[in-house]
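# Per-entry structural report
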Amino acid sequence: MPAEKAQALVLRTTDWSETSRIATLWTREFGKVRALAKGGRRLKSAFESALDLLTACSIVLLRKSSGGLDLLTEAQVVQRFPRLTSDLPALYAGYYVAELLADWTEDDDPHPTLFEEALTTLSQLGQPGVPTGPRLARFEVVLLRELGYSPTLETCAACAAPVAAGGRFGFSAAAGGVVCAACLPQARDRHVLSPPARQALVQLGQPDEAWRQLSDAAVRAEVRQVLNHYVTYLLGRRPRLLPYLGS
Ligand SMILES: [Zn+2]
């Protein structure tokens, strides 16, 4: 088994035996990996507290060639996110980031952009002047894009007609995005989507922190509802943290 170095975010840990833990890690290099940390439950182990939830660490893995678990041989803390522990909405948002990455990404499917976005999200959540709802929504939009589920926002997801900026339209998870007025009656899971909320979803996907401009409470609430609906549809179940998220 070759030893590999990686940058990782701790998404989940489960006790495995009296002395060992299994860690689910989101890594820059390999995507999601599950690794056995022998001695990971002992207070003075080689891992110290690097395996705490939502800790960014530098790791060394012995990779299993097929199936089974990798073996974690080293983990050193690179970054913690202390602001999360003093701000409950930010902490729930952080847990939600971990839940989505743990339950939605595939093993060994790396997305370096999504790794960076996760770390940026966790470091910004809870900071003064950072609105938790839009910051989290930005993460979700990047996640959707990286996993190939970007909602269609500029044209009707059903008939591909351009969607007029001020027109009447809705959102359908099953169709995969915005649905025009003509197609709306046929969309069974249609949701209300106001023109400003559609524009907000477009903005969330833009670079340069355009998410910071989402200040309208009603628009933010609508964006949260649409994302809840879409993520739940795609995952096939409601994420556990969803009821705890604010907008
Ligand atoms: Zn249409």
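Below or above, wherever it landed, is the structure these notes cover. (Residues numbered from 1 in each chain as written. Predicted model: local features only at pLDDT ≥ 70, side-chain atom pairs only at ≥ 80, totals over all residues. Heavy atoms only, no water.)

## A word on the coordination of the zinc ion
Taken together, Cys156 (SG), Cys159 (SG), Cys180 (SG) and Cys183 (SG) make up the full set of protein donors to the zinc ion, lying 2.3 to 2.4 Å away. Each of the four donor atoms bound to the zinc ion contributes to angles spanning 106 to 114°, and the resulting shape is tetrahedral. Within one chain, the residues serving as donors to the zinc ion are arranged as C-x2-C-x20-C-x2-C. Here the residue cysteine 159 occupies a position in the loop between helix H3 (132-146) and strand E6 (169-172), and cysteine 183 occupies one in the loop between strand E7 (177-180) and strand E8 (191-192), the gap between them amounting to 24 residues. On the basis of relative accessible area, cysteine 159 is assigned to the partly exposed category, the value being 41%. (Donors = N, O, S within 2.8 Å, 3.2 Å for Na, K, Ca; no water. Tetrahedral: all angles 85-135°; square planar, octahedral: opposite > 155°, others 65-115°. Helix = DSSP H or I, 4+ residues; strand = E, 2+ residues; numbered from the N terminus. Buried < 20%, exposed > 50% of the residue type's maximum accessible area, 1.4 Å probe, protein only.)

## Here we look at the packing of aromatic side chains
For any two aromatic rings, the description comes down to two numbers: the centre-to-centre distance and the angle of the planes. Scanning all chains against the criterion turns up three aromatic pairs. Here phenylalanine 171 and tyrosine 230 contribute two aromatic rings whose centre-to-centre distance is 5.4 Å and whose plane-to-plane angle is 85°, an arrangement assigned as edge-to-face. One end of the pair, phenylalanine 171, is in strand E6; the other, tyrosine 230, is in helix H5 (residues 217-235), with 59 residues separating them in the sequence. Tyrosine 230 matches phenylalanine 171 in its accessibility class, with the two residues each being buried. Between arginine 63 and the ring centre of phenylalanine 30, over which it is positioned, the NZ or CZ distance is 4.5 Å. (Phe/Tyr/Trp six-rings, centres within 6.5 Å; stacked < 30°, edge-to-face > 60°. Lys NZ or Arg CZ within 6 Å of the ring centre and 35° of its normal.)

## Some words on unusual backbone geometry
At leucine 54, a residue that is not glycine, the phi angle is positive and equals roughly 60°. Its location among the elements puts leucine 54 in the loop between strand E3 (31-37) and strand E4 (56-62). On the basis of relative accessible area, leucine 54 is assigned to the buried category, the value being 7%. Positive phi outside glycine occurs at aspartate 108, with the angle close to 55°. The topology assignment puts aspartate 108 in the loop between helix H1 (88-104) and helix H2 (112-124).

## Re the side chain of threonine 24
By the secondary structure assignment, threonine 24 is in strand E2 (residues 21-27). Accessibility expressed as a relative area gives 9% for threonine 24, which makes it buried. Sequence-distant contacts of threonine 24, defined by excluding residues within four places in its chain, comprise Leu9, Val10, Leu11, Arg12, Lys32, Val33, Arg34 and Ala102. (Contact = heavy atoms within 4.5 Å.)

## Considerations on the environment of aspartate 87
Of note, aspartate 87 is situated in the loop between strand E5 (70-79) and H1. Placed 40 residues apart in sequence, aspartate 87 and glutamine 127 show a C-alpha to C-alpha distance of 9.2 Å.

## Regarding the pairing of E2
Burial of E2 is extensive: seven of the seven residues sit out of reach of the surface. On E2, burial covers both faces: Arg21, Ala23, Leu25 and Thr27 on one face and Ile22, Thr24 and Trp26 on the other are all buried. Across seven bridges, the pairing between strand E1 (residues 3-15) and E2 is antiparallel. Within the sheet, the bridge partner assigned to valine 10 lies in E2 and is leucine 25. The antiparallel pairing of E1 with E2 creates a hairpin that spans five residues between the two strands. Here E2 pairs with E3 via seven bridges, running antiparallel. Of the residues in E3, the one forming a bridge with leucine 25 is valine 33. The turn joining E2 and E3, which pair antiparallel and follow one another in sequence, is formed by three residues. (Pairing = 2+ DSSP bridges.)

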